[in-house]
Amino acid sequence: MTNILFISWDGPQTTYMEGLFLPIFRQIQQQSDYRFHVIQFTWGTASRTALTAQAAAEADIPYTARRIFRKPNALVGSMATVFAALPFLQSYIRRHNISVVMPRSTMPAAMVNRLRRTGFRVVFDADGFPLEERVDFQGLQTDALSYRILKREETRLLQSADAILTRSHKAIGSHETRTGVPHARFSRVLNGRDETFFVLRPEKRVEIRTTIGAASGATVFVYCGSLGHQYGWDEMMAIFTRFRSTHPDAMFLILTGNPEFAAARLPEAVAASCVIRTVPFREVPDWLAAADVAFAIRQPKPSMQGVSPTKLGEYLLMELPTIASKGIGDTEDMLAPTRHSFLFDHDDPNAVSDALRFIENLDSGPKPDLREAVLRFFSLAQAAESYITALEQRS
């Protein structure tokens with residue numbers, strides 16, 4: 001048995017641990033002799049971490065939450081958290097016979113950079129390009145002190161880690177070019193979803209469509225996830241508004257934890273046709289079942305080369321034709337096997353018209369061939385296998 005310690009750093013609203021990582025780790029444990037421990041650094045509330053702890057217990061994964069300091073400011077508090085954590089981490093690794101330490105992203109990388117390497121290997125989950133996302137979408141300057149400090153920590157661990165995990169082949173190429181780290185140290189892992197959970201149930205489709213007042217035969221669009229500048233709000237509204245102008249019974253179902261953002265920005269002309277809901281994760285497949293076409297649009301900034309949108313897998317496993325952005329990680333390769341998807345080119349002035357033509361030409365009814373075409377990229381079993389392969393190749 002090989003014990004792996006996964007270290008993450010998450011904000012108060014983040015649900016990636018219970019929604020993404022814990023299911024994958026549980027699946028890995030079922031398929032191999034690897035056993036996971038999780039330490040999550042967070043400034044979330046006690047109730048938020050309690051939900052994660054419950055999910056970890058159900059997955060048979062030891063879980064510890066540690067508080068992130070936020071004073072006197074985020075940068076100073078974060079670095080204080082890093083140094084305060086070192087004795088705890090060193091002791092935890094020794095007490096639990098940890099063989100592999102797997103820090104996710106930048107701040108855990110800073111911690112591991114300062115640990116004494118006492119017989120454990122380091123597998124760096126580099127994730128995407130988190131610092132560049134802050135440059136692209138939050139106004140962080142590349143000459144800012146915080147950027148320079150954190151970029152140095154990231155680069156240091158990229159160069160010293162025994163193995164590196166990314167979410168796209170494009171990310172591997174970028175890291176290789178910038179750092180000179182050999183290609184053999186990198187592996188792309190998949191963001192899989194539970195295919196037994198994300199499955200189309202016709203009875204739920206009828207139930208939810210009745211709940212939202214969708215007419216029989218009406219086209220229902222859906223978006224599920226975070227909202228903000230990077231998530232293509234204007235593009236979604238442009239497509240829906242033009243479609244509804246010729247299909248007045250069309251509806252747009254918006255499932256988000258940020259309903260205020262959506263409510264404040266709905267165009268008056270289509271507001272009555274939009275339904276905004278915040279639903280528990282366990283109900284997401286039921287609500288997705290009501291839809292006929294989904295949006296997975298994100299602004300294709302340079303930092304997006306490294307991501308693999310989890311919602312894309314959820315949509316496709318639910319047999320939902322999907323409009324997804326070009327230039328997002330390896331999305332184009334993943335969607336190549338299916339005809340039930342449309343790649344939205346943000347540089348093409350005809351992209352909205354082309355998306356409308358795609359929607360008009362869609363077949364009605366279930367699309368099991370769509371689900372089958374993408375299982376190799378988005379199933380939980382395939383995601384677990386990608387991790388196991390990466391771990392075994394570097395052992």
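Please refer to the structure placed before this passage.
Throughout, a residue's number is its position along its own chain's written sequence, starting from 1. Only residues with pLDDT of at least 70 are given local features in this predicted model, and only at 80 or more are side-chain atom pairs given and counted; all residues enter the totals for whole chains, interfaces and linings. Excluding hydrogens and water, the side-chain values take into account all heavy atoms of the structure.

Section: the packing of aromatic side chains
For Phe, Tyr and Trp, rings pair up if their centres lie within 6.5 Å, where Trp contributes its six-membered ring, and each pair is then called stacked (planes under 30 degrees apart), edge-to-face (over 60) or tilted (otherwise). The full count for this structure, using the stated rule, is 18 aromatic pairs. With 6.3 Å between their ring centres and 85° between their planes, F25 and Y387 make a pair best called edge-to-face. Linking F25 in helix α1 (residues 16-31) with Y387 in helix α16 (residues 380-393), this pair joins segments that are 362 residues apart in sequence. Taken as a pair, F25 and Y387 share a single burial class, namely buried. Consider the rings of F221 and F295, whose centres lie 5.7 Å apart with planes at 20°: the pair is stacked. Taken as a pair, F221 in strand β8 (residues 220-224) and F295 in strand β11 (residues 293-296) lie far apart in primary sequence, 74 residues in all. A run of H or I in DSSP counts as a helix once it spans at least four residues, and a run of E counts as a strand once it spans at least two, with each numbered from the N terminus. Burial classification: accessible surface area is computed with a 1.4 Å probe over protein chains only, and a residue below 20% of its type maximum counts as buried, one above 50% as exposed, and the rest as partly exposed.

Points about α16
Each helix should span, by expectation, one fewer than its residue count multiplied by 1.5 Å. With 14 residues, α16 should cover 20 Å at 1.5 Å per step; its first-to-last C-alpha distance of 20 Å lies within 8% of that length. Listed in full, the buried residues belonging to α16 are L380, A383, A384, S386, Y387, I388, A390 and L391.

Description of the sheet that holds strand β9 (residues 251-255)
By definition, the strands of a sheet pair up through backbone hydrogen bonds, in either a parallel or an antiparallel sense. Here, any two strands with at least 2 DSSP bridges between them count as paired. Spatially, β10-β9-β8-β11-β12-β13 is the arrangement adopted by the 6 strands of the open sheet, whose pairing is parallel. Of all the strands in the sheet, the pair left with one neighbour each is β10 (274-277) and β13 (341-344). Neighbour-to-neighbour, the strand axes of this sheet turn through a mean angle of 20°, independent of strand direction. Packing of helix α9 (residues 233-246) onto the sheet brings it into contact with β8, β9, β10, β11, β12 (322-325) and β13, and relative to β9 it is tilted by some 155°. Lying over the sheet, helix α14 (residues 351-360) contacts β8, β11, β12 and β13, oriented at roughly 175° with respect to β13. Structural elements are reduced to axes, namely lines fitted to C-alpha atoms, with helices fitted over the stretch in contact, and the angle between N-to-C directions of any two is expressed from 0 to 180 degrees. Contacts: residue pairs with any heavy atoms within 4.5 Å of one another.

Let's talk about the pattern of salt bridges
Between Lys or Arg on one side and Asp or Glu on the other, a salt bridge is scored when a side-chain nitrogen of the former is within 4 Å of a carboxyl oxygen of the latter. All chains considered together, the criterion is met by 16 salt bridges. Taking the shortest distance from any N to any O, the salt bridge between E154 and R178 comes out at 3.4 Å. Of this pair, E154 sits in helix α6 (residues 145-160) while R178 sits in helix α7 (residues 169-179), and the two are 24 residues apart along the sequence. Here K311 makes a salt bridge to E314, at a shortest N to O gap of 3.0 Å. Placement of both K311 and E314 in helix α12 (residues 310-317) is noted, with a separation of 3 residues, approximately one turn of the helix.

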